[in-house]
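Coordinates in review
If you want the building blocks of each chain, they are given just below.
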Amino acid sequence: MPTIIVIGILVAAFVFVSSIYADVLWYTQLGFERVFWTEYLSKAAIFAVAFLLMAFATWISLRLAYRSRPVYAPDGQRQDAMSKYQSQLEPMRRLLMIGVPVVIGVFAATAVTSQWQEVLLFFNQVDFNETDPQFGMDLSFYMFSLPFIGLLTGYLISVVLIAGIAGLLTHYLYGGIRIEERGGVVIGKPARIHIAAFAVGFLLLQAVNFWVDRYSTLLSQNGRVAGALYTDVHAVIPTKTILAIAAVLVAVTFIVAAIMGRWRLPIIGTAMLLVTVIVAGGIYPFIVQQYQVIPSEKTLERDFIQKNIDMTRKAYGLDSVEETAYDVQLNPQKNALSKDSATTTNIRLLDPNLVSAAFDQLQQFRTYYKFTPTLNVDRYEIDGVTEDTVIGVREVNVDPTDSWVNQHITYTHGYGLVAAFGNRVAAGGRPDFMLSGIPTQGVLASDETYQPRIYFGEMSPDYSIVGGPEDWEPRELDRPASGSGSQDTRNTFDGDGGPSVGNFFNRLVYSLKFASTDLLLSDAINEESQILYDRSPKQRVEKVAPYLTVDSNAYPAIVDGRVQWIVDAYTTSKNYPYSKQQALASAVTDSLTGGTRAVAQTGQINYIRNSVKATVDAYDGSVTLYAWEPEEPLLQAWQKVFPTNIKSYKDMSAELMSHVRYPEDLFKVQRELLATYHVTDPGGFYDANDAWSVPSDPTQSNASIKQPPYYLSLKMPKQEKEAFSLTSTFIPQTAAGGQQRNVLFGFLSAEADAGTEAGVKAEGYGKLRLLAIPRELSVPGPGQAQQNFDSNATVSQALNLLRQGASEVKNGNLLSLPVGGGILYVQPVYVQSSGQTSYPTLRKVLVAFGDRVGFADTLAEALDQVFQGTSGAVTSENGENGESEEPGTPPATQTAEQQLSAALNDASAAITAGQAALAEGDFAKYGEEQAKLQDAIERATEAQDALTGAAAPTDAPAPEAPASETPAP
């Protein structure tokens, strides 16, 4: 049995040590070993201090109580219960004297160790050079010192209480405290001193707590707004001061009692302190709030509400929002968009949330590839023109039921990026690719200009074994072979992407880590093999920078010949005075979060800065951190802790800078706050009669899911030139029990373009612009615009035709654009036929301005319908105002199947438009649509004949109009 126990202990120790060793290998390979050792040793030091403090206090309390126990002469006639307990405990007394403090110390220290970040920040704090509006303390006190003081006093109180209770129990067991039948409770002098000492320690620590609680009122979230309000300042803070002084005085009475042996004074003092806590700490503030503040709340709280507004806007970076009154036009005029070509040219018709299926069908090529369900939006310069781009990574898709060799040796990586123009589509409504195929090629890049292999991505396997010597036969399946060959090519990873498993010991360590005997015994592992794991970009950034909060979305970009995942990271806190706290998970959740865009971290925050931009190389997994806001105090404090791990943003290349953008999660948090804190007058803020909310996504059936913000290239009113921006809208906040009014109250944009110059931020980057719409105007919001689309008779009829044959109509993202003096809504409409290999194709475009709705094959046509025949817009479909190509003209590159599909769609559109013209009595328009119908039928016939090989007829009779559609003479 001793042998078995020893072996079990050794095995457990080896497993524990091997886990640490694996982490050391991982961090060392990435060059972030200092992060691991700093965190690990800091936790170890905190654990040791906390353990020794608790264990020693408990041990000394037990020992002193035992040594001062009263000694009685043996008396067989007075064998009480305590003597029995003493005799039972005596054989194991020494073990208990040591074991009890050790066990208590371990549990207590483990709980404190998780707060290692607060400890390190306290010892490395940096001044904010800003003071709070109540006490005039530097904000660093609240951000760095106050959390540590709270942690320290709380732990010391637990030490005093546990050690004191342990000592009292020992005194009781050994007779220092006795309960006699006639004499009541008898407390010996050593026990009295013991009680007094711990009471003094407890009271002094409570005094510190009372004093510190004065400052904690500035962090309160319990009032009408966050921070110390009238009752706090005039009742709570003064009474906390009184209670701190009273606790010190009562502690003095215990010292006197310990010396003189008279307990009446400390008992009276303790009772008075409890009464004071109840009266001064509870009843008095309640009376002030109930009978002084509530009747005059708006007046008395005005100054404190102003403090909350100012500090909250500072904490979330909202203090420099540029607000503009936007007098919206509701009636569309001819050529109204002629001055908005910078925006209309870049209107994105490709919905990244819907076209992933098209990417899968058109660009997957093999079942072992996969695109994420939601693609990303970026921008690239093509022939001197910046184009909005929908981009995705062709990642490896491993079958979890496949063999171990296939899962971890064969299918190790994806291959290439696929990108499409965001503002136009190709024939048949398919994405118009600027980078596609295997090998990848296009106007954006080719295999010769960048490294296409994706070993690190959002859907990579848990771990892969890669690499080998030069003469090693490649075993990693690479990509489909070029030409007509059916065999796929194979590759051997030649980078430095993971720890070595070339020796037996490392293989044993990782076999234990991943619970795999195959990893230990496989012949597919050689002396040059590496193991790649923790491969998600967000996960890698979280591990090398555990003090940062990572954005929920990582996006890929081609940077300097490599695919780089760009990850935004934040320094956050919940200790900013007078700032409203936000639930991070709730604030950033919308219709696109989930899956690979899951919220990385949760919790309450009331301060956030996008302090760091990170990149993760998709080929070798290397992580680079850039200090994006180097003057941010929290980041400066962490740089003192980890001085060599973060580079300056000035080290960013021009190509990397051109793909940096304003982060989504920060924008979502800001828009949540701005819904209330756009009001800067405390009186109006108190009335809450102008509160906004973020609208629900009108394309989703679940009305509680928020509409996501959208990246668009646009030019805001009063903006000098167009810029890549992140946008969102606001509607009125619904009162309790009230009905939602889906009218537009505000439009927010953040300039998201960081510039194209190496190491230099664009001057306008991060600029928040808010368009405030006059409340007397009834401008349709996103939900109302969607309702106008859905209820339009012409649109409904056309969509019903598109649904024929079990096809499914899918509404794309509803974009809101401040153009033409008003708000323009644009929504692409996709159609997906039934079948496993089908995918959504863009068939129609919906447009709304005011209450006017346009619905056509192209954006230009839909705009013309809305703006009285001529919008004046320059779109991606035309080169100049209003001169779009006839929708019935088949591109020369279309196949016969695509021509047939396009012709049938044109025929359907002509029938719909003819019916609408007939209903309005516009017979000239009806005749035009009949001509289009005839042309579409002829093209459909020709395409069908081309498919079947039949000769096309020279003349086709015009179809007769249905009786219901024949115009009256």
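Structure report, in brief. Each chain has its residues counted from 1, following the order in which its sequence is written. Confidence filtering applies because this is a predicted model: local features only for residues at pLDDT of at least 70, side-chain atom pairs given and counted only at 80 or more, and all residues used for totals across whole chains, interfaces and linings. To get the side-chain values, take all heavy atoms of the structure and skip hydrogens and water.

Turning our eyes to something else, we now look at the overall build of the protein. Within the protein, the regular secondary structure consists of 27 helices and 32 strands. Think of it in three bands: with a 1.4 Å probe and only protein chains considered, a residue is buried below 20% of the maximum accessible area for its type, exposed above 50%, and partly exposed in between. With 969 residues in all, the protein has 53% of them scored as buried. What makes two residues a contact is simply this: any of their non-hydrogen atoms within 4.5 Å. In the protein, the share of contacts with a sequence separation of at least 24, taken over all contacts with a separation of at least 6, comes to 69%. Counting every atom, the protein has about 43100 Å² of accessible surface; 55% of that belongs to carbon and sulfur. What counts as a helix is a DSSP run of H or I of at least four residues, what counts as a strand is a run of E of at least two, and both are numbered from the N terminus. Working definition of accessibility: Shrake-Rupley area with a 1.4 Å probe, residue cover restricted to the visible protein chains.

Within helix α25 (residues 859-866), 6 of the 8 residues are buried, which leaves it mostly tucked inside the rest of the structure. The complete set of buried residues in α25 reads Leu859, Ala860, Ala862, Leu863, Asp864 and Val866. Those residues of α25 hidden inside the fold are in contact with α12 (341-344), β30 (822-832), β31 (841-849) and β32 (852-856). Downstream of α25 by one or two residues, Gln868 has phi in the positive range, about 55°.

A word on the environment of Ala723. Inspection of the secondary structure puts Ala723 in strand β25 (residues 723-732). Looking at Ala723, the relative accessible area reads 9%, which means it is buried. With 30 residues separating them in the primary sequence, Ala723 and Asp753 have C-alpha atoms 6.4 Å apart. With residues near it in sequence (within four places) discarded, Ala723 still touches Leu712, Ser713, Leu714 and Glu751.

What follows deals with a negative patch on the surface. A grouping of Glu470, Asp471, Glu527 and Glu528 is seen on the molecular surface, where their side chains present a negatively charged patch. If you trace the backbone, Glu528 turns up in the loop between α16 (517-521) and β15 (530-533). Patch definition: residues with relative accessible area over 30% and no salt bridge; like charges joined within 9 Å; nonpolar side chains (Val, Leu, Ile, Met, Phe, Trp, Tyr) joined within 5 Å. Whenever a carboxyl oxygen of Asp or Glu lies within 4 Å of a side-chain nitrogen of Lys or Arg, that contact is scored as a salt bridge. Neither His nor the chain ends is counted toward charge; the positive residues are Lys and Arg and the negative residues Asp and Glu. For the purpose of locating charges, the reference atoms are NZ of Lys, CZ of Arg, CG of Asp and CD of Glu.

To qualify as a nonpolar core, a set must consist of buried Ala, Val, Leu, Ile, Met, Phe, Trp, Tyr and Cys residues joined through side-chain atoms within 4.5 Å. Core analysis: the largest hydrophobic core is formed by 153 residues, its most contacted members being Leu625 and Tyr662. It is helix α6 (residues 139-173) that contributes the most residues to this core, 10 residues altogether. Sequence-distant contacts of Tyr662, that is, excluding residues within four places in its chain, are made with Phe667, Gln670, Tyr711, Leu726, Ala750, Glu751, Ala752, Tyr765, Gly766 and Leu768. Counting residues in each nonpolar core, the second largest holds 58 residues, with Val355, Phe789, Val853 and Phe855 among its members.

When you line up the elements, Gly595 lands in the loop between α18 (584-588) and β19 (604-605). Classification of Gly595 by relative accessible area gives exposed; the value is 69%. When the C-alpha positions of Gly595 and Ser552 are compared, they lie 10.0 Å apart, and in sequence the two are 43 residues distant.

What follows covers the side chain of Thr624. Structurally, Thr624 is set in strand β21 (residues 623-627). Judged by relative accessible area, Thr624 falls into the buried class, the value being 19%. If we ignore the near neighbours within four places in the chain, the residues touching Thr624 are Lys613, Ala614, Thr615 and Lys647.

Mapped onto the fold, Lys706 is located in the loop between β23 (692-693) and β24 (710-714). Overall, the relative accessible area of 17% leaves Lys706 in the buried class. Within polar-contact distance, the side chain of Lys706 engages the side chain of Glu672 at 2.9 Å. Those residues in contact with Lys706 that lie beyond four places of it in its chain are Ser586, Ala587, Thr589, Asp590, Ser591, Arg671, Glu672, Val694, Pro695, Ser696 and Asp697. For this analysis, a polar contact is any N or O atom pair within 3.5 Å, provided that within protein one partner can donate a hydrogen and the other can accept it, and provided that sequence-adjacent residues contribute only side-chain to side-chain pairs.

Their axes nearest at 7 Å, the elements helix α2 (residues 33-67) and helix α4 (residues 93-113) cross at an angle of 145°. Helix-helix and strand crossings are classified by hand; for α2 and α4 the assignment is right-handed. Only Arg93, Met97, Pro101, Val102, Ile104, Gly105, Val106, Ala108, Ala109, Thr110, Val112 and Thr113 of α4 make contact with α2, whose side of the interface consists of Lys43, Ile46, Phe47, Ala50, Phe51, Met54, Ala55, Thr58, Trp59, Leu62, Arg63 and Tyr66. Looking at the contact of α2 with α4, its residues break down into 17 nonpolar, 4 polar and 3 charged. Axes, fitted as lines to C-alpha atoms, cover a helix only where it is in contact. Angles between the N-to-C directions of the axes lie from 0 to 180 degrees. If you view the pair so one helix is near and one far, a crossing is left-handed when the near helix is turned anticlockwise from the far one by less than a right angle, and right-handed when it is turned clockwise. Only Asp, Glu, Lys and Arg are considered charged, only Ala, Val, Leu, Ile, Met, Phe, Trp, Tyr, Cys and Pro nonpolar, and every remaining residue, Gly among them, polar.

Moving on, we get to the sheet that holds strand β6 (residues 385-393). Across the sheet, 4 strands lie side by side as β5-β6-β9-β10; this open sheet has antiparallel pairing. Strands with a single pairing partner mark the edges of an open sheet, and in this sheet they are β5 (376-382) and β10 (431-435). Looking at each pair of strands side by side, their axes are set apart by 45° on average, direction ignored. Paired strands, as defined in this entry, are two strands with at least two bridges between them according to DSSP. Here β5 pairs with β6 via 7 bridges, running antiparallel. If you follow Asp378 over to β6, its bridge partner there is Thr389. The sheet strands contacting helix α13 (residues 356-363) are β6, β9 (417-425) and β10, and the helix crosses β10 at an angle near 65°.

Here the structure, examined in full by the defined rule, presents 22 salt bridges. Note that Arg775 and Asp690 form a salt bridge whose closest N and O atoms lie 2.8 Å from each other. Highlighted residues: Arg775 in the loop between β27 (768-772) and α23 (782-791) and Asp690 in the loop between α22 (682-687) and β23, separated in sequence by 85 residues. On the accessibility criterion, Arg775 (32% relative accessible area) is partly exposed. Look at Asp690 and you get buried, because its relative accessible area is 18%. One connected set of salt bridges, linked through shared partners, spans Glu322, Glu751 and Arg769.

Another point: unusual backbone geometry. Peptide bonds are trans in most cases, and residues, glycine excluded, mostly fall at negative phi. Each neighbour pair has its own omega, and for Ile438 with Pro439 the value is 0°, a cis peptide bond. Note that Pro439 resides in the loop between β10 and β11 (453-454). In this structure, Ala515 is a non-glycine residue whose phi angle is positive, near 50°. Considering the arrangement of structural elements, one finds Ala515 in the loop between α15 (504-513) and α16. Phi angles above zero are rare outside glycine, and Gln868 is one such case at about 55°. Along the chain, the position of Gln868 falls in the loop between α25 and α26 (896-919). Residue Gln868 is classed as partly exposed on the basis of its relative accessible area of 40%.

Moving on, we get to α23. For α23, the set of buried residues is Pro782, Ala785, Gln786, Asn788 and Phe789. Along the long axis of α23, the arc covered by the buried residues comes to 155°, so they all point the same way. Working definition: the arc comes from the directions between the helix axis and the C-beta atoms, pointing outward to the latter.

Let us look at the pairing of β24. Among the 5 residues in β24, 5 count as buried, and that is most of the element. With burial as the criterion, each face of β24 is covered, one bearing Tyr710, Leu712 and Leu714 and the other bearing Tyr711 and Ser713. As defined by bridge partners, β24 adjoins β25 across 5 bridges and the pair is classed as antiparallel. Across the sheet, Leu712 pairs through a bridge with Ser725, a residue of β25.

This paragraph deals with the sheet that holds strand β17 (residues 562-573). Pairing in this open sheet of 5 strands is mixed, and the strands run β16-β17-β20-β21-β22 from one edge to the other. This sheet does not close on itself; its edge strands, each paired only once, are β16 (549-559) and β22 (647-648).

The next point concerns the environment of Val616. For Val616, the position within the fold is in strand β20 (residues 607-617). Between the C-alpha atom of Val616 and that of Arg535, which follows or precedes it by 81 residues, the distance is 9.5 Å. Setting aside anything within four residues of it in sequence, one finds Val616 in contact with Pro537, Arg540, Val541, Val563, Gln564, Trp565, Gly621, Ser622 and Val623.

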